[in-house]
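Structural overview
Residue-level listing of the chains:
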Amino acid sequence: MRFRLALLPLCFVLIAASGLDARSSECGFIKDPDRRAACRAEAGGEGSECGFIRDADQRAYCRAKQEGSESQCGFIGDADLRARCRAETGGGQSQCGFIRDADQRAFCRATTDGESSQCGFIRDDDLRAHCRARTGGGESQCGFIRDPDRRAACRAGG
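Computed from a prediction, not measured in an experiment: that's the story for all the values here.

Okay, the environment of Phe121 next. Following the sequence through the fold, Phe121 ends up in the loop between helix 6 (102-113) and helix 7 (125-137). Relative accessible area serves as the criterion here: at 57%, Phe121 is assigned to the exposed category. The contacts of Phe121, once residues within four sequence positions are left out, are Asp103 and Ala106.

So, on to the packing of helix 5 (residues 79-91) against helix 6. The geometry of helix 5 relative to helix 6 is characterised by a closest axis approach of 10 Å and an angle of 5° between their N-to-C directions. Judged on the interaxial angle alone, helix 6 and helix 5 are roughly parallel. Listed contacts from helix 6 to Arg84, Ala87 and Glu88 of helix 5 are Gln104, Phe107, Cys108, Thr111 and Thr112. For the contact of helix 5 with helix 6, a count of residues per class yields three nonpolar, three polar and two charged.

Detailed reading of predicted coordinates is not advised where the pLDDT is low. On average, residues of the protein chain carry a pLDDT of 82, and 82% of them reach 70 or more. Helix 4 (residues 56-67) holds the highest mean pLDDT among the elements of the protein chain, 92, whereas helix 1 (residues 2-17) holds the lowest, 40. Segment residues 1-20: pLDDT under 50, and one contact once partners within four positions in sequence are set aside and those in other chains are kept.

Between its terminal C-alpha atoms helix 3 (residues 33-44) stretches 16 Å, which fits the 16 Å expected from twelve residues at 1.5 Å a residue. Taken as a whole, helix 3 has its buried residues at Asp34, Ala37, Cys39, Ala41 and Ala43. One side-chain oxygen of the residue at the start of helix 3 lies 3.1 Å from the amide nitrogen of Asp34, identifying that residue as Asp32.

Moving on: the pattern of salt bridges. According to the stated counting rule, one finds ten salt bridges in the structure shown. Notably, a salt bridge pairs Arg54 with Asp34, separated by 3.2 Å at the nearest N-O pair. Taken as a pair, Arg54 in the loop between helix 3 and helix 4 and Asp34 in helix 3 lie far apart in primary sequence, 20 residues in all. The exposure class assigned to Arg54 is exposed, which follows from its relative accessible area of 57%. Overall, Asp34 belongs to the buried group, its relative accessible area being 15%. Put simply, Glu42 and Lys65 hold a salt bridge, and the shortest N to O gap is 3.2 Å. With Glu42 in helix 3 and Lys65 in helix 4, this residue pair connects regions lying 23 residues apart in the sequence. The structure contains a network of salt bridges with shared partners spanning Glu42, Lys65, Arg84 and Glu88.

The rules behind these values
Residues numbered from 1 in each chain as written. Predicted model: local features only at pLDDT ≥ 70, side-chain atom pairs only at ≥ 80, totals over all residues. Heavy atoms only, no water. Helix = DSSP H or I, 4+ residues; strand = E, 2+ residues; numbered from the N terminus. Buried < 20%, exposed > 50% of the residue type's maximum accessible area, 1.4 Å probe, protein only. Contact = heavy atoms within 4.5 Å. Axes fitted to C-alpha atoms, helices over the stretch in contact; angles between N-to-C directions. Parallel < 35°, antiparallel > 145°, perpendicular 65-115°, else oblique. Nonpolar A, V, L, I, M, F, W, Y, C, P; charged D, E, K, R; others polar. pLDDT = per-residue confidence, 0-100. Expected span 1.5 Å × (residues − 1). Polar contact = N/O pair within 3.5 Å; in protein donor to acceptor, adjacent residues only side chain to side chain. Salt bridge = Lys/Arg side-chain N within 4 Å of Asp/Glu carboxyl O.

Now the structure itself:
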């Protein structure tokens with residue numbers, strides 16, 4: 001027991017030295033390795049984390065967001081994700097109209113222009129809470145998310 005307590009201060013020093021802040025440390029609670037890497041890339045701003053994502057579409061999406069470059073979006077095969085990518089990397093809210101899923105379309109519109117009123121159109125409770133958190137409702141909205149991975153990503157700012 002004393003050995004564990006002696007290591008506790010060392011753990012805090014290592015965490016502080018590694019540059020992890022409270023937001024990016026939330027990503028460690030995400031079980032899915034692809035979502036965890038995406039969360040770390042977004043929370044910490046480290047584009048190198050995108051390379052750990054196995055899904056090619058998600059990896060291209062992550063890189064596009066990190067670089068702020070719409071050109072990376074062209075490598076995404078999924079049409080909905082490609083439209084969301086273009087909307088978030090400079091194509092504007094008009095790109096959200098190409099998303100077929102109504103909930104994802106409303107989420108895209110709300111987060112692209114920061115207009116929380118669009119969140120009310122989302123039927124999925126978890127996505128609606130995440131939308132409200134990202135559009136000014138604050139981290140407290142993340143607590144309403146039931147899915148633990150999505151809740152941790154929300155708290156990390158993703």
